[in-house]
Amino acid sequence: MNEPVLVEVKNLKRYFPVNTGFLRTTPLKAVDDVSFTIGRGETLGLVGESGCGKSTVGRTILHLYKPTAGEVIFDGKTVGPGTIKEFRRRAQIVFQDPYSSLNPRLTVADIVGEPLDVNKLCKTRKERTERVRELLATVGISSEQMTRYAHEFSGGQRQRIGIARALASRPEFIVCDEPVSALDVSIQAQVVNMFEDLQSQFGLSYLFIAHDLSVVKHISSRIAVMYLGHIVEIAGANELYRHAVHPYTVSLLSAVPVPDPERARASHRIVLEGDVPSPLHMPSGCPFRTRCSRATAKCAESCPQLEEVAPGHMAACLEL
Amino acid sequence: MAMLEVKDLHTSFFTPAGEVKAVNGISFNLDSGKVLGIVGESGSGKSVTAYSILQILSHPGRIVSGSIKFRGQELVGAGEEEMRKIRGNKISIIFQDPMTSLNPVYTVGNQLMEAILLHTDRNKEQARARAMEMLELVGINEPDKRLRQYPYELSGGMRQRVMIAMALACEPDILIADEPTTALDVTIQAQILELMQQLQKKLGMAIIMITHDLGVIASLCDEVIVMYAGSVCERGTADEIFYHPAHEYTKGLMRSIPSIDDDEHERLVPILGTPIDLLNMPEGCPFAPRCDNAMKVCLTGRAKEVWVGRDHLSACWMNVKDGSERGLVQTDDDGQIVAIDLEGTLDAAVKGGQAQ
């Protein structure tokens, strides 16, 4: 990675207290000691199964959830009480569900204009309208549709409105939390292309969270794989897909159904046994050991740390 | 005779805003022991096709015309009594969302035994034994304990296994799987697909696999139907559809999915525009407004299905045009297409399409 670092996440933790008895709570370790960096203009993909903590990572970075421990350094400054306001303007989020993430009582112009008001970015009413029109044009929505409400749009169009809103405050970093998962295949490609265009137009950095591995591979320059709150492997996109070393990544990649009948017949799926353990009752040592075919007694003792296996390629496994 | 014959099925929803033609003339045959995939985007009518076969359409949906024959027995217009003997017994279904399709107030055992008690003459004891056997078959350990549990006590993958066990308990001839893995994670999806493949081989039933995921289709299906806006775009063997797509929509769909193997970063080629409003269906091809190669004829009339290869039919005017350029279209005196065969293996004549 050659780009200067824009976002640095250091030992980030986020625990949620869960009531497990009368006057007793147990911490649910949704994100447990996660560190990585994102360069300027770079896209870091974050993949993992539901409940692995990938969305929590995104939201904790933005301080939508208060981190339990660890810090986020944005453009050289630690995000904290003094810098949060500025950070919130420069870092934005696009949510997964284009239906519940837009206020049904606001017109599109007001939805997109809200970040402008909050950050006091426009001095006059006219300037605001002009900026909203420009933002909507950027995402391919015509200005005649400005006075409509969210329910009048299709899923793909709503997602475009969500993106326009994220762009309103001229951010440098956007957390994309499964932004195309709810969309149909033919629309998905439109939105993915738009993310790429916006990135080159505005020099944006993305944290692209998704569970669809082919989409993540397509859009990301580097990819981090999460399992039960931990990052188990992180590498360049092509490197990860060709030379995955962590047993979880290997089985995850082999489980992706390929749209090619001949290869599907020839390929061998590595089917993982069982389900993901509950994050309330984490296995000791390596979180993946309960489903891992290579697990040994050693794996139950200590939690493996990320170690470099090739330049720019880190994995957390004791059996490597 | 095929086990299931669907002919020119039309199913509509009569909403206050007007008639929504959810399924607009779909025909297919399903032989025993085959896996048929129906692929399409949301609103393409793939689930409604399945619900029409079982006649579990919700109000205000209704089969308008067409015929569905199961082993020669006409199901359209069949009474509720007759349908009950078929549902869950001869044809059963797995729904998309295992979270909501199990009843939360009954135990897993109770729900599993219901179908067995209803359709077979087993007594309660035997039904319980059968339920346990089914849970073992779908790879659930401690079946005895699971039978006494409620759905909320199981994980998503486990619930989908229970759904499959329930659907297979009476050894149906046809299993309809309506997006069975869409709500599941990739590794759990792999488990369920593996399981369905094994069970299909073991029990020899036919499967209708409904999904929007071309990857799932490729790994499971012998034959594929591609649907768009209630109509069939093309159908044929999986290899034909994936390696020689003939309909412009299928071609677009294939181009718009990112490949997991390419190291080169290639820009995706999306299908432009938005899905069609089913309330205001155009006269011509429903895909024409989004099609790059749309011709004048596409806006005025629908292309009939024509043979574009062995075991491969497509309903696209481009195929007709292509065929006439290569001298493969034969028309009768009224300009009706009589036959087209791009592979030179003339094995059927399709009537009704209007040549340009």
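Higher on the page you've got the structure.
Predicted model, so just to flag it, every value in this text is computed and none were measured.

Asker: Explanation requested: the overall build of chain B in the structure shown.
Answerer: Summing up its helical and strand segments, chain B has twelve helices and 14 strands in all. Since a compact globule built from 356 residues should have a radius of gyration of about 21 Å, the 22 Å found for chain B is in line with a globular shape. Based on the C-alpha atoms only, the size of chain B along its principal axes is roughly 70 × 55 × 45 Å. Burial status across chain B gives 53% buried among its 356 residues.

Asker: Would you explain the overall build of chain A in this entry?
Answerer: Summing up its helical and strand segments, chain A has ten helices and twelve strands in all. Radius of gyration (C-alpha) of chain A: 21 Å, near the 20 Å computed for a compact globule of 320 residues. Overall, chain A is about 70 × 55 × 45 Å in size when its C-alpha atoms are taken along their principal axes. For chain A, the residues scored as buried account for 52% of the 320 residues in total. Taking contacts inside chain A between residues at least 6 apart in sequence as the whole, the part at least 24 apart equals 65%. Put simply, chain A shows about 14,200 Å² of open surface, and 51% of that area lies on carbon and sulfur atoms. Averaged over its 37 positive side-chain charges, chain A has a centre that lies 6 Å from the centre of its 35 negative ones.

Asker: Any chance you could explain the pairing of strand β3 (residues 35–39) of chain B here in plain terms?
Answerer: Every other side chain in a regular strand lies on the same face of the sheet, so the side chains alternate between the two faces. Residues and elements named next belong to chain B. Of all five residues in β3, five are buried; the element is thus mostly enclosed. Neither face of β3 is open: one carries Val35, Gly37 and Val39, the other Leu36 and Ile38, and all of them are buried. Sheet topology places β3 next to strand β9 (residues 223–228); four bridges connect them, and they run parallel. The residue of β9 that forms the bridge with Gly37 is Val224.

Asker: What am I meant to see in the interface of chain B and chain A here?
Answerer: For an interface, size is often stated in terms of accessible area lost upon the parts coming together. Listed as interface residues are 43 residues of chain B and, on the opposing side, 42 residues of chain A. Here chain B meets chain A over a buried area of about 3,700 Å², counting both sides, of which 54% is carbon and sulfur. Together, B:Val186, B:Thr187 and B:Ile260 form the three largest contributors to the area buried by chain B at its contact with chain A, with a combined 17%. Put simply, chain B and chain A have two salt bridges between them. Where chain B packs against chain A, one counts 15 residue pairs in polar contact (both at pLDDT 80 or more). Elements that contribute at least two residues to the side of chain B that touches chain A include exactly α7 (186–203), α8 (214–220), α9 (238–243) and α10 (248–256) of chain B. The leading source of residues in the side of chain B that touches chain A is α7(B), at nine residues.

Asker: What is the right way to read the packing of helix α6 (residues 156–168) of chain B against α7(B) from this model?
Answerer: Two measures define how a pair of helices packs: the angle their axes make with one another and the distance between the axes. Residue and element names in this part refer to chain B. Close contact between α6 and α7 brings their axes to 10 Å; oriented N to C, the two are set at 15 degrees. Considered as vectors, α6 and α7 are oriented roughly parallel to each other. For the crossing formed where α6 meets α7, the hand is right-handed. The residues of α7 that touch α6, namely those facing Gly157, Gln160, Arg161, Ile164 and Leu168, are Ile188, Gln191, Ile192, Leu195, Met196, Leu199 and Leu203. Grouping the amino acids of the contact of α6 with α7 by side-chain chemistry returns eight nonpolar, three polar and one charged.

Asker: I keep staring at helix α4 (residues 125–138) of chain A and nothing clicks. Help me out?
Answerer: Residue pairs three or four apart in sequence face the same way in an α-helix, which turns once every 3.6 residues. Residues and elements named next belong to chain A. Between its first and last C-alpha atoms α4 spans 20 Å; for 14 residues at 1.5 Å apiece the expected length is 20 Å, and the two agree. By the burial criterion, the buried members of α4 are Arg128, Arg131, Val132, Leu135 and Leu136. The buried side chains of α4 occupy one side of the element, clustering within an arc of 135 degrees when seen end-on. The exposed set on the far side of α4, more than 90 degrees from its buried face, consists of Lys126 and Ala137. Against α3 (108–118) and α5 (155–167) lie the buried residues of α4. Of the residues flanking the end of α4, it is Gly140, one or two places downstream, whose phi is positive at about 80 degrees.

Asker: What exactly am I supposed to notice about the packing of aromatic side chains here?
Answerer: All names here are of chain A. Under the definition given, this model contains eleven aromatic pairs over all chains. An angle of 90 degrees between the planes, with centres 5.5 Å apart, marks the rings of Phe195 and Tyr206 as edge-to-face. Here Phe195 is found in helix α6 (residues 185–202), whereas its partner Tyr206 is found in strand β8 (residues 205–209), with eleven residues between them in sequence. With a relative accessible area of 0%, Tyr206 lands in the buried category.

Asker: I tried to follow the pattern of salt bridges on my own but got confused; where do I start?
Answerer: Pairs can form between side chains of opposite charge once their charged atoms are near each other. Scanning all chains against the criterion turns up 27 salt bridges over all chains. Of the charged contacts in the structure, one is a salt bridge between A:Arg291 and A:Glu49, with a shortest N-O distance of 3.8 Å. Pair noted here: A:Arg291 is in the loop between α10 (261–266) and β11 (307–310) and A:Glu49 is in the loop between β3 (43–47) and α1 (54–61), with a separation of 242 residues, a long-range link. Under the relative-accessibility criterion, A:Glu49 is labelled buried at 3%. A salt bridge links B:Arg148 to B:Asp144, with the nearest nitrogen and oxygen atoms 3.5 Å apart. When salt bridges that share partners are traced, they join A:Arg40, A:Asp75, A:Glu86, A:Arg89, A:Arg90 and A:Glu172 into one network.

Asker: Explain the state of the cysteines here, please?
Answerer: What we call a disulfide is simply a covalent bond connecting the sulfur atoms of a pair of cysteines. Under the criterion given, the structure shown has zero disulfides over all chains. Here B:Cys298 is not disulfide-linked; the sulfur of B:Cys285 is the nearest cysteine sulfur, at 6.1 Å.

Asker: How should unusual backbone geometry be read in this particular structure?
Answerer: What is expected of a backbone is that most residues other than glycine have negative phi and most peptide bonds are trans. Looking along the chain, the bond that leaves B:His59 and enters B:Pro60 is cis, with omega of 0 degrees. Here B:Pro60 shows up in the loop between α1 (46–54) and β4 (61–70). A positive phi angle is found at A:Arg170, which is not glycine, with a value near 50 degrees. In this fold, A:Arg170 is placed in the loop between α5 and β7 (173–177). For B:Gln55, which is not a glycine, the phi torsion comes out positive at approximately 50 degrees. Following the sequence through the fold, B:Gln55 ends up in the loop between α1 and β4. A residue is classified by how much of its surface remains accessible, and B:Gln55, at 23% relative accessible area, is partly exposed.

Asker: Please clarify how the nonpolar core should be interpreted in this entry.
Answerer: Note on soluble globular proteins: their nonpolar side chains tend to be buried together. Grouped together as the largest cluster of nonpolar side chains are 105 residues, with contacts concentrated most on B:Leu4, B:Ile174, B:Ile176 and B:Ile208. For this core, the element with the most residues is α6(B), which contributes eight residues. Setting aside its immediate chain neighbours within four residues, B:Leu4 contacts B:Phe28, B:Asn29, B:Leu30, B:Ile53, B:Ile68, B:Lys69, B:Phe70, B:Ile174 and B:Ile208. With 65 residues, the next largest nonpolar core counts A:Leu135, A:Leu183, A:Ala235 and A:Leu252 among its residues.

Reading guide: rules and limits
- Just so you know, the residues in each chain are numbered from 1, in the order the chain's sequence is written.
- Written order determines the labels here, with chains lettered from A and ligands numbered from 1.
- At least 70 in pLDDT is required for a residue's local features to be given in this predicted model, at least 80 for side-chain atom pairs to be given and counted, and no such filter applies to totals for whole chains, interfaces and linings, which use all residues.
- Water and hydrogen atoms were dropped before computing side-chain values, which therefore reflect all heavy atoms in the structure.
- Only DSSP runs of H or I reaching four residues or more are called helices, and only runs of E reaching two or more are called strands; each is numbered from the N terminus.
- Radius of gyration: over C-alpha atoms. The globule rule applied is 2.2 Å multiplied by the number of residues raised to the 0.38 power.
- Each residue is placed in one exposure class: buried if its accessible area under a 1.4 Å probe, protein chains only, is under 20% of its type's maximum, exposed if it is over 50%, and partly exposed if it falls in between.
- Here, two residues are considered to be in contact whenever any of their heavy atoms come within 4.5 Å of each other.
- The Shrake-Rupley method, run with a 1.4 Å probe, gives the accessible areas here. Residue values count only the displayed protein chains as cover.
- Positive charges come from Lys and Arg alone, negative charges from Asp and Glu alone, with His and the N- and C-terminal ends not counted.
- By convention, the point assigned to a charge is CZ for Arg, NZ for Lys, CD for Glu and CG for Asp.
- Note on pairing: two strands pair once DSSP finds at least 2 bridges between them.
- Buried area counts how much accessible surface, traced with a 1.4 Å probe, disappears from two parts once they are put together, with both parts' losses summed.
- Only one rule defines a salt bridge in this text: a Lys or Arg side-chain nitrogen within 4 Å of an Asp or Glu carboxyl oxygen.
- Any pair of N or O atoms that falls within 3.5 Å is considered a polar contact. Within protein, one atom must be able to donate a hydrogen and the other to accept it, and sequence-neighbouring residues count only if both atoms are side-chain atoms.
- Interaxial angle, 0 to 180 degrees, is taken between N-to-C directions of lines fitted to C-alpha atoms, where a helix line uses only the stretch in contact.
- Angular relationships are summarised with four words: roughly parallel below 35 degrees, roughly antiparallel beyond 145, roughly perpendicular across 65 to 115, and oblique for the angles in between.
- Note on convention: the crossing is left-handed when the near helix lies turned anticlockwise from the far helix by less than a right angle, right-handed when the turn is clockwise.
- Under this grouping Gly is polar, as are all residues other than the nonpolar Ala, Val, Leu, Ile, Met, Phe, Trp, Tyr, Cys and Pro and the charged Asp, Glu, Lys and Arg.
- The length a helix should cover is 1.5 Å for every residue beyond the first.
- The arc under discussion is defined with respect to the helix axis, by the directions toward the C-beta atoms.
- Ring pairs are drawn from Phe, Tyr and Trp, using the six-membered ring of Trp, whenever the two centres fall within 6.5 Å, and their geometry is named by plane angle: stacked under 30 degrees, edge-to-face over 60, tilted for the rest.
- We call a pair of cysteine sulfur atoms a disulfide when they lie within 2.5 Å.
- Only buried residues count toward a nonpolar core, which is a set of Ala, Val, Leu, Ile, Met, Phe, Trp, Tyr and Cys residues joined through side-chain atoms within 4.5 Å.

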